[in-house]
Amino acid sequence: MKLLYVLPLVCASLGAVLASPPATAQEPPQELKMIAHQAVEGDAGAQLLYGLAYLEGRYHLKPDAKKAAYWLLRAARDGQPYAQMEMGKLYATGTGVEKDPGHAVYWWRKAARAGNPEAQYRLGKARLEGFGVEKNPARAVHWLTKAGENGNADAQYLLGKMYHDGYAVAQDNELARDWLSRAAARGHSDAINLLAVVNDVLKYTTMVYQQSADVLKRKAAHGDPLAQYELGLRYESGAWDVTKDNKKALHWLSEAAKNGNRHAMAALAHIYARGELGVKPDPQKAKYWQEKSRPK
């Protein structure tokens, strides 16, 4: 009778033991213990890993942005470029630290100078947009180019788009295609889509350039801005199969500009500034067309 009475209690106790996880499952993984030990000892690489573990919830750690910032800052101060780049991101978004765009740029600059491609991209973009630092398109292109040459697909795409749009750089579809091709090869979806557009434009522009004056005149009369621009240039120079004619050159360049051709707008700004094609110098018109030619 006693055995029958005790047996259910034993079985219940055994079931509880089997159902509960082993004590070691609650302990940090051995790899995390090693990282933590080396981080405390001052190893910048381990501090970076420990910070990323807290930032992303690795090794079963609960994500903790403040602890992540603590360890990443230690690594960044010890000169670890990836930690410097990550600290810039934390300050840019206010994650685990108080948001401070200027401090973000400070860390990106350090990491960029150490050769980190993502930091170079982020520093270039900050220079382009005036985020935490004064706008400086020339420096933006400098850092974006470095990032692109170092394989950063976002920088390659942005450079391609800038050359395509003529934003902060001279419009150049060949350079646009080159940078977009690099980004597309890395699987950048936006670059793949824009590259298709650029290839179509290059193909069409080449066709326009090779067309006869009669074909251009017909297209220009129907409102084709590329044909109008090309026809205006031919009348301006008297090249190929037309006779030089300042009035017709000005007419077609003006029509192309009105229809949105930025090259024609820039040409008109130059013409009115210098008083070419038989017009008197007109600073107001020059300024108007110069401003219109800039990408929005």
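Scroll up a little and you will see the structure.
In this text the structure is predicted, and so the values were computed from the model without any measurement.

Caption draft 1: Structural view of the packing of helix H14 (residues 246-258) against helix H15 (residues 262-274). Two elements in contact, H14 and H15, have axes separated by 8 Å at closest approach and are oriented at 130°. As judged from the angle between their axes, H14 and H15 are oblique. Both H14 and H15 take part in a crossing whose hand is left-handed. Contacts between H14 and H15 pair Leu250, Leu253, Ser254, Ala256 and Ala257 from the former with Ala264, Met265, Leu268, Ile271 and Tyr272 from the latter. Each residue belonging to the contact of H14 with H15 can be placed in one class, and the counts come to nine nonpolar, one polar and no charged.

Caption draft 2: Representation of the pattern of salt bridges within the structure. For the structure on display, the rule yields 10 salt bridges. Glu118 is paired through a salt bridge with Lys89; the nearest N and O atoms lie 3.8 Å apart. With Glu118 in helix H7 (residues 117-129) and Lys89 in helix H5 (residues 81-93), the pair connects residues that are 29 residues apart, well separated along the chain. The exposure class assigned to Glu118 is partly exposed, which follows from its relative accessible area of 24%. For the salt bridge of Arg122 with Glu118, the shortest nitrogen-to-oxygen distance reads 3.0 Å. Of this pair, Arg122 and Glu118 both sit in helix H7, four residues apart, which is roughly one turn of that helix.

Caption draft 3: A look at the side chain of Gln120. Structurally, the position occupied by Gln120 is in helix H7. What makes Gln120 buried here is its relative accessible area of 3%. Within the structure, the side chain of Gln120 is placed 3.5 Å from the backbone nitrogen of Ala147, a separation counted as a polar contact.

Caption draft 4: Broad picture of helix H3 (residues 44-56). For H3, built from 13 residues, the straight-helix expectation of 18 Å at 1.5 Å per residue is met to within 8% by its first-to-last C-alpha distance of 18 Å. For H3, the full list of buried residues reads Ala44, Ala46, Gln47, Leu48, Tyr50, Gly51, Leu52, Ala53 and Tyr54. In this structure, the buried residues of H3 make contact with helix H2 (30-40), helix H4 (65-77) and H5. Following H3 by one or two positions, Gly57 has its phi on the positive side, about 70°.

Caption draft 5: Here's a closer look at the packing of helix H9 (residues 153-165) against helix H10 (residues 173-185). The geometry of H9 relative to H10 is characterised by a closest axis approach of 7 Å and an angle of 160° between their N-to-C directions. In terms of orientation, H9 and H10 fall into the roughly antiparallel class. Handedness of the H9/H10 crossing: left-handed. Only Asn173, Leu175, Ala176, Trp179, Leu180, Arg182 and Ala183 of H10 make contact with H9, whose side of the interface consists of Ala153, Gln156, Tyr157, Leu159, Gly160, Lys161, Tyr163 and His164. Partitioned by chemical class, the residues of the contact of H9 with H10 number nine nonpolar, four polar and two charged.

Rules and cut-offs
Residues numbered from 1 in each chain as written. Predicted model: local features only at pLDDT ≥ 70, side-chain atom pairs only at ≥ 80, totals over all residues. Heavy atoms only, no water. Axes fitted to C-alpha atoms, helices over the stretch in contact; angles between N-to-C directions. Helix = DSSP H or I, 4+ residues; strand = E, 2+ residues; numbered from the N terminus. Parallel < 35°, antiparallel > 145°, perpendicular 65-115°, else oblique. Left-handed = near helix turned anticlockwise from the far one by under 90°. Contact = heavy atoms within 4.5 Å. Nonpolar A, V, L, I, M, F, W, Y, C, P; charged D, E, K, R; others polar. Salt bridge = Lys/Arg side-chain N within 4 Å of Asp/Glu carboxyl O. Buried < 20%, exposed > 50% of the residue type's maximum accessible area, 1.4 Å probe, protein only. Polar contact = N/O pair within 3.5 Å; in protein donor to acceptor, adjacent residues only side chain to side chain. Expected span 1.5 Å × (residues − 1).

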